[in-house]
Amino acid sequence: MADFPHEIEEQLTGFDSSVSSVKAMLDKLMSVPRSDLLQKLDPLDQAKLDLMSAYTLNSLFWMYLVTHGVNPREHAIKQELERIRTYMNKVKEITDRKTAARLDKGAAGRFLRSAFYDPHRRDSRRKAADATRGPTQSKRPKQKQR
């Protein structure tokens, strides 16, 4: 790299390293037939793979435009990358919904009944159960007090 100014030699070395690692990843991805790869994935992972592939190719085209002196912000590639990012966010939302914690209502009710239980009061168990059900969900009719 003696042909380049010393100031950009480090940046060019880093760029060359990055391009080499991208090439290695793409070679690995392209070595497996796409149909074989998609058979092993569920639909959500297939969508992720398609989006990743489209984003990667468009990003590489963005870099190609930059290296040829074209401003990619004024090119249609910018809108394409934004469109792909929108779909990536939708897939992320779906993935997040699948992994979100779910409330086990039965366990929560048992926990509250246990917390409200008072062994010294005879009717505390019923009051604890009523407290977890709420006023509209009471299963037993109220008894008249004597």
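For the structure, check the block above.
Residues numbered from 1 in each chain as written. Predicted model: local features only at pLDDT ≥ 70, side-chain atom pairs only at ≥ 80, totals over all residues. Heavy atoms only, no water.

## Side note on the overall build of the chain
Consideration 1: A count of helices and strands for the chain gives six helices and zero strands.
Consideration 2: Listed N to C, the secondary structure of the chain is α-α-α-α-α-α in terms of helices and strands.
Consideration 3: Taken across its 146 residues, the chain has 11% of its residues classed as buried.
Consideration 4: When contacts within the chain are restricted to residue pairs at least 6 apart in sequence, those whose partners lie at least 24 apart make up 31%.
Consideration 5: Total accessible area computed for the chain in this model is approximately 12600 Å², and 56% of it derives from carbon and sulfur atoms. (Helix = DSSP H or I, 4+ residues; strand = E, 2+ residues; numbered from the N terminus. Buried < 20%, exposed > 50% of the residue type's maximum accessible area, 1.4 Å probe, protein only. Contact = heavy atoms within 4.5 Å. Areas by Shrake-Rupley, 256 points an atom, 1.4 Å probe, with all protein chains shown as cover.)

## Points about the packing of helix H3 (residues 43–67) against helix H4 (residues 77–99)
Consideration 1: At a minimum axis separation of 10 Å, H3 and H4 run at an interaxial angle of 155°. Comparing their axes, H4 and H3 come out roughly antiparallel. In this structure, H3 meets H4 at a crossing whose hand is left-handed. On H4, the residues that touch Leu 44, Ala 47, Lys 48, Leu 51, Ala 54, Tyr 55, Asn 58, Ser 59, Phe 61, Trp 62 and Leu 65 of H3 are Ile 77, Lys 78, Glu 80, Leu 81, Ile 84, Arg 85, Tyr 87, Met 88, Val 91, Ile 94, Thr 95 and Lys 98. (Axes fitted to C-alpha atoms, helices over the stretch in contact; angles between N-to-C directions. Parallel < 35°, antiparallel > 145°, perpendicular 65-115°, else oblique. Left-handed = near helix turned anticlockwise from the far one by under 90°.)

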